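Architecture and fold: a report
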Number of protein chains: 2
Amino acid sequence: MEAATAVETIQREMTVFARRARASAGRLHPELSLVSYTLLGHLEERDGCRATDLAAHYALDKSTVSRQVTALERAGLVERRQDPEDHRVQVLHLTAAGRRILGQVTVSRRAAVGERLAEWSREDLERFAGYLMRYNAWPGPAEDA
Amino acid sequence: MEAATAVETIQREMTVFARRARASAGRLHPELSLVSYTLLGHLEERDGCRATDLAAHYALDKSTVSRQVTALERAGLVERRQDPEDHRVQVLHLTAAGRRILGQVTVSRRAAVGERLAEWSREDLERFAGYLMRYNAWPGPAEDA
DNA sequence: CGCCGCGAGTTGTACTCTGCAACCAGTACC
DNA sequence: GGTACTGGTTGCAGAGTACAACTCGCGGCG
């Protein structure tokens, strides 16, 4: 495979994944949209962060994040805390309920994805995961595709 | 890295990519949405197919595809041809204009993605592309995430 | 101190994408 | 012919999103 072809393939396959992921997320977990899930996941991973950080990480407009967070807060899954240093920012944290729901969804997602990856060798899994992280870690503006 | 962790990471990173891809697609190519681009790409790859096939491949509702195709046809990028065998189906084909636009977008996308992948060895590129294809080739229902 | 620029977040507005349900048209099988 | 199925369209409603305009708090500079 030529390098340009590989790049092309990476693009196309990532896009297929993206579309299918969005399409099926709602069906699998009606209680938590793909958006909400990823935001909660990020909060858990970072143990709290600002709305602006979420927007930057997912290349979303801050208004979009604001609305999503509002919904998550109304659902009792997320908590806003005032930053004592800077009264402009609100640090977001998972609530106990948020952590619980996130755990449930993660389990069922892992089952679905794990089924697809069941035949993969551990080495392939790790390399694949590594490639994805490496790709996403690119520091530039999120001009992925 | 444990296998479950790798699965988790794959999920999360794929999702990050998915979200960023959608976010930036519109900015890079205002003339062709991510959806339209992928549909056109699929048509080129398969050299024509039915609307239902597109819906199945991307896990989209047939109504959604119908509307997208209508838009693409209005834009003169896609052509519907009656199947002489079965008058229900309409086989979709790229027009010359569609092929041209698709080519332009592909070039600019490849430039953007290629920049990110510039430092990668050819071996890594090919392995990454292979993993993605392998993942998406899973035959089951598109319960990706 | 008071003004100005900046950064975080919210709200108004409009648009796209999407799915579901209801429907029409053509096909296949009895 | 009638019934069931398939491909596709249309009406409707809802989620996600961006952009612009706004508020509020922080920090520098005269």
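Please read these numbers as outputs of a predicted model, since none were measured by experiment. (Residues numbered from 1 in each chain as written. Chains lettered and ligands numbered in written order. Predicted model: local features only at pLDDT ≥ 70, side-chain atom pairs only at ≥ 80, totals over all residues. Heavy atoms only, no water.)

Below, the discussion takes up unusual backbone geometry. Residues and elements named next belong to chain A. Positive phi is not limited to glycine here, since D47 has a value of about 55 degrees. Take D47: it is sitting in the loop between α2 (34-46) and β1 (49-50). For D47, a relative accessible area of 52% puts it in the exposed group. (Helix = DSSP H or I, 4+ residues; strand = E, 2+ residues; numbered from the N terminus. Buried < 20%, exposed > 50% of the residue type's maximum accessible area, 1.4 Å probe, protein only.)

Next up on the list: the protein's contact with DNA strand D. Taken together, 25 residues lie around DNA strand D, and B:T52, B:K62, B:S66, B:R67 and B:R80 are the ones closest in. Within 4 Å of the protein, the contacting atoms of DNA strand D are 59% sugar and phosphate, with bases supplying the remainder. The separation between a phosphate oxygen of DNA strand D and a polar side-chain atom of A:T64 is 3.0 Å. One of the backbone N or O atoms of B:Q90 is found 3.2 Å from a phosphate oxygen in DNA strand D. When residues of the surface near DNA strand D are traced back to their parent elements, those giving at least two are α4 (62-74) of chain A together with α1 (3-28), α3 (51-58) and α4 (62-74) of chain B. (Near = heavy atom within 4 Å. Polar contact = N/O pair within 3.5 Å; in protein donor to acceptor, adjacent residues only side chain to side chain.)

Turning next to the environment of B:E8. By secondary structure assignment, the location of B:E8 is in helix α1. Accessibility expressed as a relative area gives 18% for B:E8, which makes it buried. In sequence terms B:E8 and B:R99 are 91 residues apart; their C-alpha atoms lie 38 Å from each other. Not counting residues up to four positions away in its chain, the partners in contact with B:E8 are A:T106 and A:R110. (Contact = heavy atoms within 4.5 Å.)

What follows concerns the sheet that holds strand β3 (residues 90-94) of chain B. On the basis of which strands lie adjacent, the open sheet formed by 3 strands has the order β1-β3-β2 (chain B) and antiparallel pairing. Each edge of the sheet is formed by a strand with only one pairing partner; in this case those strands are β1 (49-50) and β2 (78-82) of chain B. (Pairing = 2+ DSSP bridges.)

A few words now on the nonpolar core. Core analysis: the largest hydrophobic core is formed by 30 residues, its most contacted members being A:F128, B:M14 and B:F128. Elements that contribute at least two residues to this core include exactly α1 (3-28), α5 (96-117) and α6 (122-136) of chain A together with α1 and α6 (122-136) of chain B. Setting aside chain neighbours within four positions, we find B:F128 in contact with A:I10, A:M14, A:F128, A:Y131, A:L132, A:Y135 and B:W120. (Core = buried A, V, L, I, M, F, W, Y, C linked by side-chain atoms within 4.5 Å.)

Further remarks concern the packing of aromatic side chains. As enumerated under the stated definition, the model contains 10 aromatic pairs over all chains in all. A ring pair is formed by A:W120 and A:F128, whose centres lie 5.4 Å apart and whose planes are at 25 degrees; its orientation type is stacked. Under the relative-accessibility criterion, A:W120 is labelled buried at 8%. Residue A:F128 is classed as buried on the basis of its relative accessible area, which comes to 0%. Put simply, the rings of A:W120, A:F128, A:Y131, B:W120, B:F128 and B:Y131 touch in pairs and so form one group of aromatic residues. The side chain of B:R116 reaches across the aromatic face of A:Y135, ending 4.4 Å from its centre. One cation-aromatic arrangement involves B:R134 over A:W120; the distance from NZ or CZ to the ring centre is 4.2 Å. (Phe/Tyr/Trp six-rings, centres within 6.5 Å; stacked < 30°, edge-to-face > 60°. Lys NZ or Arg CZ within 6 Å of the ring centre and 35° of its normal.)

All names here are of chain A. At their nearest, the axes of α2 and α5 sit 10 Å apart, and the two run at 115 degrees to each other. One way to sum up the angle between α2 and α5 is to call them roughly perpendicular. Here the hand of the crossing between α2 and α5 comes out left-handed. Contact residues: L34, Y37, L40, G41 and E44 in α2; G98, R99, L102, V105, T106 and R109 in α5. (Axes fitted to C-alpha atoms, helices over the stretch in contact; angles between N-to-C directions. Parallel < 35°, antiparallel > 145°, perpendicular 65-115°, else oblique. Left-handed = near helix turned anticlockwise from the far one by under 90°.)

Take the environment of A:A96 next. Take A:A96: it is sitting in helix α5. The spatial distance from the C-alpha of A:A96 to the C-alpha of A:T106 is 15 Å, given a sequence separation of 10 residues.

Looking now at the side chain of B:T95. Residues and elements named next belong to chain B. Along the chain, the position of T95 falls in the loop between β3 and α5 (96-116). Using a relative accessible area of 17% as the deciding quantity, one classes T95 as buried. Here G98 takes part through its backbone nitrogen, which lies 3.0 Å from a polar atom of the side chain of T95. With residues up to four places along the chain from it excluded, the contact list for T95 reads G76, L77, V78 and E79.

This part is about the side chain of B:H93. All names here are of chain B. Along the chain, H93 turns up in strand β3. With a relative accessible area of 14%, H93 lands in the buried category. Here the side chain of H93 touches R81 through a polar contact of 3.3 Å, side chain to side chain. Once residues within four sequence positions are removed from consideration, H93 is found in contact with D47, G48, L77, V78, E79 and R81.

Before going further, it helps to examine the protein's contact with DNA strand C. Looking at DNA strand C, there are 25 residues lining it, with A:T52, A:S66, A:R67, A:R80 and B:D61 nearest. Within the side chain of A:T52, a nitrogen or oxygen atom sits 2.5 Å from a phosphate oxygen of DNA strand C. Contact distances for DNA strand C include 2.8 Å between a base oxygen and a side-chain N or O atom of B:R67. The residue makeup of the surface near DNA strand C, split by class, is 5 nonpolar, 9 polar and 11 charged. (Nonpolar A, V, L, I, M, F, W, Y, C, P; charged D, E, K, R; others polar.)

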